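What follows is the residue order along each chain.
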Amino acid sequence: MKLEEYKKMFLLEDKHFWFLGKRMFIKTLLNRYIPNKNLLILDIGSGTGGLTKFLNHYGKVIGLEKNKYATKLAKKRGLKIIYGDAQKLPFKKNLFSLITLFDVLYHKNIKDEKIVIKEVNRVLKNNGYFLITDSAFNFLKSIHDKALYGNKRFTLFYLRKILEKEGFRIIKSSYIFFFLFSLIFIKRKVLDRFIKNNHSDLRELPKIINLFLMKLISFEAWLLKYINFPVGSSLIILAQKEIFVFKKNN
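Residues numbered from 1 in each chain as written. Predicted model: local features only at pLDDT ≥ 70, side-chain atom pairs only at ≥ 80, totals over all residues. Heavy atoms only, no water.

Thoughts on the overall build of the protein chain
Moving on, step 1. Looking only at helices and strands, one finds nine helices and seven strands in the protein chain.
Moving on, step 2. In terms of overall size, the protein chain behaves like a compact globule, its C-alpha atoms giving a radius of gyration of 18 Å where 250 residues would be expected to give roughly 18 Å.
Moving on, step 3. With the C-alpha coordinates of the protein chain rotated into their principal frame, the extents come out at 70 × 40 × 30 Å.
Moving on, step 4. Put simply, the protein chain has 250 residues, and 52% of those count as buried.
Moving on, step 5. A sequence separation of at least 24 residues applies to 77% of the contacts in the protein chain between residues at least 6 apart.
Moving on, step 6. With the model as given, the accessible surface of the protein chain reaches about 12900 Å², and the carbon-plus-sulfur share is 58%.
Moving on, step 7. Of the side chains in the protein chain, 48 bear a positive and 20 a negative charge, and the two mean positions are spaced by 3 Å. (Helix = DSSP H or I, 4+ residues; strand = E, 2+ residues; numbered from the N terminus. Rg over C-alpha atoms; globule rule 2.2 N^0.38 Å. Buried < 20%, exposed > 50% of the residue type's maximum accessible area, 1.4 Å probe, protein only. Contact = heavy atoms within 4.5 Å. Areas by Shrake-Rupley, 256 points an atom, 1.4 Å probe, with all protein chains shown as cover. Lys, Arg positive; Asp, Glu negative; His and termini not counted. Charge placed at Lys NZ, Arg CZ, Asp CG, Glu CD.)

In structure tokens form, the structure reads like this:
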């Protein structure tokens with residue numbers, strides 16, 4: 001991610017509808033499916049720390065980040081951040097009860113998402129939980145992704161298939177930002193052809209617009225408790241590490 005994008009993220013992470021909306025989706029799944037609020041949590045790719053700090057509501061959190069500038073900003077929030085690579089986690093086996101991976105797999109520094117998921121499985125406790133959000137649908141790739149050093153976007157089918165192969169049981173999976181999907185599609189596929197810049201879509205919005213979008217996403221996050229959305233600009237998956245018991249034949 002470009003340096004200026006980290007700066008914007010740090011300044012907007014606690015008030016911009018996009019970041020607050022993502023917290024709403026995450027909160028919906030954690031509150032509904034994980035009753036324990038005293039978890040040992042690893043947040044891989046903590047960025048500037050907004051979501052890492054939010055996870056403190058659910059237990060003790062350790063953040064992992066590879067970008068030194070982002071780590072510096074995250075530590076201003078009073079967080080415990082460790083330098084490390086998602087593809088080679090610096091932790092022993094079966095340690096964490098919840099591991100989160102928020103918009104990390106799409107990053108160009110991730111050479112193989114399967115390696116990351118294998119590493120998560122290794123350091124996650126048996127029956128531990130794995131929560132992912134990421135960018136959806138390659139046809140939405142745009143200038144926004146280039147500014148964030150995004151390499152590829154995903155479908156639920158693709159990530160579910162990998163997770164199940166690597167020993168995870170899918171608890172809940174859905175696309176998110178469903179109500180904004182049409183607007184994002186038009187912006188990325190039409191408007192970006194005429195508006196040339198090298199920046200992401202992230203910018204401060206007028207308060208009334210930001211508030212309206214937050215209310216809209218709040219409604220979507222409530223609906224997520226009951227339904228799965230067929231499309232969206234992002235996706236969310238909650239999975240659990242399964243224990244395989246092999247019985248000897250008599």
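Now that the structure has been shown, the text picks up again.
Focus: a nonpolar patch on the surface
Moving on, step 1. Nonpolar side chains collect at one region of the surface, where Phe 139, Phe 185, Ile 186, Val 190, Leu 191, Phe 194 and Ile 195 lie side by side and expose about 660 Å² of accessible area between them.
Moving on, step 2. Assignment of secondary structure puts Ile 195 in the loop between α8 (181-189) and α9 (207-223).
Moving on, step 3. Look at Ile 195 and you get partly exposed, because its relative accessible area is 46%. (Patch = residues over 30% accessible without salt bridge, like charges linked within 9 Å, V, L, I, M, F, W, Y side chains within 5 Å. Salt bridge = Lys/Arg side-chain N within 4 Å of Asp/Glu carboxyl O.)

A word on the pattern of salt bridges
Moving on, step 1. Following the criterion strictly, the structure yields 11 salt bridges and no others.
Moving on, step 2. Between Lys 118 and Glu 166 there is a salt bridge, and its shortest N-O distance comes to 3.1 Å. Taken together, the residues Lys 118 in helix α5 (residues 113-123) and Glu 166 in the loop between α7 (156-165) and β6 (168-176) connect sequence positions 48 residues apart.
Moving on, step 3. Taking the relative accessible area as the measure of exposure, Glu 166 reaches 17% and is therefore buried.
Moving on, step 4. In this structure, a network of salt bridges that share partners links the residues Glu 13, Asp 14, Arg 23 and Arg 77.

Some words on the environment of Val 104
Moving on, step 1. The residue Val 104 is located in the loop between β4 (96-102) and α5 in this model.
Moving on, step 2. Placed 85 residues apart in sequence, Val 104 and Lys 189 show a C-alpha to C-alpha distance of 23 Å.

With respect to the sheet that holds strand β5 (residues 124-135)
Moving on, step 1. The strand order across the open sheet formed by seven strands is β3-β2-β1-β4-β5-β7-β6, and the pairing between neighbours is mixed. Whereas interior strands pair on both sides, the edge strands pair on one side only; in this sheet they are β3 (81-83) and β6. For this sheet the average axis-to-axis angle between neighbouring strands, irrespective of direction, equals 20°.
Moving on, step 2. Bridge count for strand β1 (residues 39-44) against β4 is four bridges, and the pairing is parallel. Its bridge partner being in β4, Asp 43 is matched across the sheet by Thr 100.
Moving on, step 3. Its contacts with the sheet place α5 against β1, β4, β5, β6 and β7 (234-241), and it is angled at close to 150° to β5. (Pairing = 2+ DSSP bridges. Axes fitted to C-alpha atoms, helices over the stretch in contact; angles between N-to-C directions.)

Overview of the packing of aromatic side chains
Moving on, step 1. Applying the stated rule across the entire model yields 18 aromatic pairs.
Moving on, step 2. Centre to centre, the rings of Phe 154 and Tyr 158 are 6.0 Å apart; their planes meet at 20°, and the pair counts as stacked.
Moving on, step 3. By relative accessible area, which is 2% here, Phe 154 ends up buried.
Moving on, step 4. Through a chain of ring-to-ring contacts, the aromatic side chains of Phe 178, Phe 179, Phe 219, Trp 222, Tyr 226 and Phe 229 assemble into a single cluster. (Phe/Tyr/Trp six-rings, centres within 6.5 Å; stacked < 30°, edge-to-face > 60°.)

Things to note about α5
Moving on, step 1. Of all the positions in α5, only Glu 113, Val 116, Ile 117, Glu 119, Val 120, Asn 121 and Val 123 are classed as buried.
Moving on, step 2. In this fold, the buried residues of α5 make contact with β1, β4, β5, α7, β6 and β7.
Moving on, step 3. At the N-terminal end of α5, a side-chain oxygen is found 2.9 Å from the backbone nitrogen of Lys 114, two or three residues along, and the residue is Asp 112. (Polar contact = N/O pair within 3.5 Å; in protein donor to acceptor, adjacent residues only side chain to side chain.)

As for α8
Moving on, step 1. For α8, the full list of buried residues reads Phe 181, Ile 184 and Arg 188. Down the axis of α8, the sector holding all buried residues measures 65°, keeping them to one side.
Moving on, step 2. Check the buried side of α8 and you find it contacts α2 (17-33) and α6 (143-147). (Arc of directions from axis to C-beta.)

Digging into the nonpolar core
Moving on, step 1. Core analysis: the largest hydrophobic core is formed by 45 residues, its most contacted members being Leu 42, Ile 44, Ile 99 and Phe 130.
Moving on, step 2. With residues up to four places along the chain from it excluded, the contact list for Ile 99 reads Leu 42, Ile 44, Val 120, Val 123, Leu 124, Tyr 129, Phe 130 and Leu 131.
Moving on, step 3. In this structure, Leu 29, Phe 102, Leu 213 and Ile 217 belong to the second largest nonpolar core, which totals 31 residues. (Core = buried A, V, L, I, M, F, W, Y, C linked by side-chain atoms within 4.5 Å.)

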